[in-house]
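Below are the chains, spelled out letter by letter.
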Amino acid sequence: TARQGGDWKGLAAKLDYIRGMGARAMWISPVQQNTETSPMGYLGVDKTLLERRFGNLEDFRHLVDEAHLRGMYIVVDIVNNHLAEMLDWVTE
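Residues numbered from 1 in each chain as written. Predicted model: local features only at pLDDT ≥ 70, side-chain atom pairs only at ≥ 80, totals over all residues. Heavy atoms only, no water.

Caption draft 1: Broad picture of the pairing of strand β1 (residues 25-28). Residues Met26 and Ile28 point to one face of β1 and are all buried, whereas Ala25 and Trp27, pointing to the other face, are not buried. Note: β1 against strand β4 (residues 73-76), 4 bridges, orientation parallel. By the bridge assignment, Ile28 is partnered in β4 with Val76. (Buried < 20%, exposed > 50% of the residue type's maximum accessible area, 1.4 Å probe, protein only. Helix = DSSP H or I, 4+ residues; strand = E, 2+ residues; numbered from the N terminus. Pairing = 2+ DSSP bridges.)

Caption draft 2: Just the packing of aromatic side chains, in detail. All chains considered together, the criterion is met by 2 aromatic pairs. Measuring from centroid to centroid gives 5.5 Å for Trp8 and Phe54, while their planes differ by 45°, and the two rings are tilted. Placement of Trp8 in helix α1 (residues 8-13) and of Phe54 in the loop between β3 (44-50) and α3 (57-69) is noted, with a sequence separation of 46 residues between them. Given the relative accessible area of 7%, Phe54 is considered buried. Relative to Phe60, the ring of Trp8 has its centre 5.0 Å away and its plane inclined at 55°; by these criteria the two rings are tilted. One end of the pair, Trp8, is in helix α1; the other, Phe60, is in helix α3, with 52 residues separating them in the sequence. An identical accessibility class is assigned to Trp8 and Phe60; each is buried. Joined through ring pairs, the aromatic side chains of Trp8, Phe54 and Phe60 make up one cluster. (Phe/Tyr/Trp six-rings, centres within 6.5 Å; stacked < 30°, edge-to-face > 60°.)

Caption draft 3: Up close: a nonpolar patch on the surface. Taken together, the side chains of Trp27, Tyr73 and Val75 present a nonpolar region at the surface, about 390 Å² in accessible area. Within the secondary structure, Val75 sits in strand β4. (Patch = residues over 30% accessible without salt bridge, like charges linked within 9 Å, V, L, I, M, F, W, Y side chains within 5 Å. Areas by Shrake-Rupley, 256 points an atom, 1.4 Å probe, with all protein chains shown as cover. Salt bridge = Lys/Arg side-chain N within 4 Å of Asp/Glu carboxyl O.)

Caption draft 4: Structural view of α3. Its 13 residues place the ends of α3 18 Å apart at the C-alpha level, agreeing with the 18 Å of an ideal helix rising 1.5 Å per residue. Turning to α3, its buried residues are Asp59, Phe60, Leu63, Val64 and Ala67. On an axial view of α3, the arc spanned by its buried residues comes to 135°, and they lie on one face. Set apart from the buried face of α3 by more than 90 degrees, the exposed residues are Glu58, Arg61 and Leu69. A distance of 3.1 Å separates the backbone nitrogen of Glu58 from a side-chain oxygen at the start of α3, and that oxygen is part of Asn56. Of the residues trailing α3, Gly71 is marked for its positive phi of about 75°. (Expected span 1.5 Å × (residues − 1). Arc of directions from axis to C-beta. Polar contact = N/O pair within 3.5 Å; in protein donor to acceptor, adjacent residues only side chain to side chain.)

These values are about where atoms sit, not about what they do.
Next comes the structure, spelled out in structure tokens:
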């Protein structure tokens, strides 16, 4: 796919490195389900489901929990004004 970056498991594995650089927060890509062609996660198809290419709910919770253990915050990008043009109600 055209997606850049990795997944929540990979990010969790790098938390010590990221914290060691002095970071206290990470702003991650939108977590909602996206189209297959959305490179950055801004073409939401279903805002009630997680983007499966990043992982599942357990993976996401693990990332947040591990970040909190290190005194870090996870900032989730929420983009309610970006929708996939393939949705019927968007094109009508």
